[in-house]
Amino acid sequence: MSKLASRLSQAAALLALVSSAPVAGAAAANSFAAQFPARVLAAHNAERAQMGVQPLVWDNDLGNAAAAYAQQMAFTGQFQHSNRAARRGVGENLWMGTHGAYSPEAMIGGWASEKRVFMPGVFPNNSRSGNWVEVAHYTQMVWPTTMRIGCALASTARTDYLVCRYATAGNIDGRWVGPQSLASRR
């Protein structure tokens, strides 16, 4: 059986499993789905509050685009950023981990943990190690001109894929990122 046929077979098996789940399981899944945007938003906005930047608001269009890409990664098993040309002006954070082992807060907490090597300044000079990639998820989370977010989670039997999309995109060379109280002193 080809790799594609195997993936289609896995997807069909998962769909059959989900559709035959007991009502209590379906209710739990619906509850998680209903709470997901608020939980993701709260985790991001807690970090933004510490940085002194405005809170994000949920954007359904960004969430739908994130869902489509998360599903694509789950279907193909390829964990990589989407084509930037297809999402002009929109930033993206990705996360992948063991299915069901992490809460949304823990997933986003992985990105937030990058603040341990973050230093305020002009992007990309924001990492104590000198490697901006080590703080890029965190800087996108707290980017001062980003105002909207949409995220989605897609899963296989083994892996969860989280995609968050941000508008406007952050991580722009030559722009300040850090506590806004320090930005005015530059």
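The text that follows walks through the structure, step by step, so that each part is easy to find. (Residues numbered from 1 in each chain as written. Predicted model: local features only at pLDDT ≥ 70, side-chain atom pairs only at ≥ 80, totals over all residues. Heavy atoms only, no water.)

**Considerations on the overall build of the protein chain**
- The helix and strand inventory of the protein chain stands at six helices and six strands.
- Counting from the amino terminus, the protein chain carries its helices and strands in the arrangement α-α-β-α-β-α-β-α-β-β-β-α.
- Buried residues in the protein chain amount to 37% of all 186 residues.
- A sequence separation of at least 24 residues applies to 69% of the contacts in the protein chain between residues at least 6 apart.
- Just so you have it, the protein chain exposes about 10,100 Å², and 57% of that area is on carbon and sulfur atoms. (Helix = DSSP H or I, 4+ residues; strand = E, 2+ residues; numbered from the N terminus. Buried < 20%, exposed > 50% of the residue type's maximum accessible area, 1.4 Å probe, protein only. Contact = heavy atoms within 4.5 Å. Areas by Shrake-Rupley, 256 points an atom, 1.4 Å probe, with all protein chains shown as cover.)

**A few points about the sheet that holds strand E2 (residues 90-98)**
- With mixed pairing, the four strands of this open sheet are ordered in space as E1-E4-E5-E2. Each having just a single partner strand, strand E1 (57-58) and E2 make up the two edges of the open sheet.
- On top of the sheet, helix H4 (residues 104-112) reaches E2, strand E4 (148-155) and strand E5 (159-167); it is set at about 60° to E5, its chief contact. (Pairing = 2+ DSSP bridges. Axes fitted to C-alpha atoms, helices over the stretch in contact; angles between N-to-C directions.)

**Observations regarding the nonpolar core**
- Membership of the largest hydrophobic core comes to 25 residues, with the highest contact counts inside it found for Trp111, Ile149, Leu162 and Cys164.
- Elements supplying a minimum of two residues to this core: helix H2 (23-51), H4, helix H5 (136-141), E4 and E5.
- A per-element tally of this core places H2 first, with five residues.
- The next biggest cluster of nonpolar side chains, apart from the first, holds 10 residues, and it includes Ala66, Tyr69, Ala70 and Val163. (Core = buried A, V, L, I, M, F, W, Y, C linked by side-chain atoms within 4.5 Å.)

**Topic: the pattern of salt bridges**
- This structure, assessed with the given rule, holds five salt bridges.
- Here Glu105 and Arg39 are joined by a salt bridge, their closest N and O atoms 2.7 Å apart. Note that Glu105 is positioned in helix H4 and Arg39 in helix H2, a separation of 66 residues in sequence.
- With a shortest N-O distance of 2.9 Å, Lys115 and Glu47 are connected by a salt bridge. Of this pair, Lys115 sits in the loop between H4 and strand E3 (121-122) while Glu47 sits in helix H2, and the two are 68 residues apart along the sequence.
- You can call Glu47 buried: its relative accessible area is 9%.
- Members of the salt-bridge network, linked through shared partners, are Arg87, Glu92 and Arg165. (Salt bridge = Lys/Arg side-chain N within 4 Å of Asp/Glu carboxyl O.)

**Comments concerning the environment of Ala136**
- Relative to the assigned elements, Ala136 resides in helix H5.
- Put simply, Ala136 and Trp111 are 25 residues apart on the chain and 8.4 Å apart in space, counted from C-alpha to C-alpha.
- Each residue touching Ala136, except ones within four places of it in the same chain, is listed here: Asn93, Glu114 and Asn171.

**Focus: the packing of aromatic side chains**
- One pass over the full model with this rule turns up five aromatic pairs.
- Ring centres of Phe123 and Trp132 lie 5.6 Å apart, and the angle between their planes is 70°; on these two criteria the pair is classed as edge-to-face.
- Residue classification places Trp132 among the partly exposed residues on the basis of a relative accessible area of 36%.
- Ring pairing ties together the aromatic residues Phe123, Trp132 and Trp143, which thus form one cluster. (Phe/Tyr/Trp six-rings, centres within 6.5 Å; stacked < 30°, edge-to-face > 60°.)

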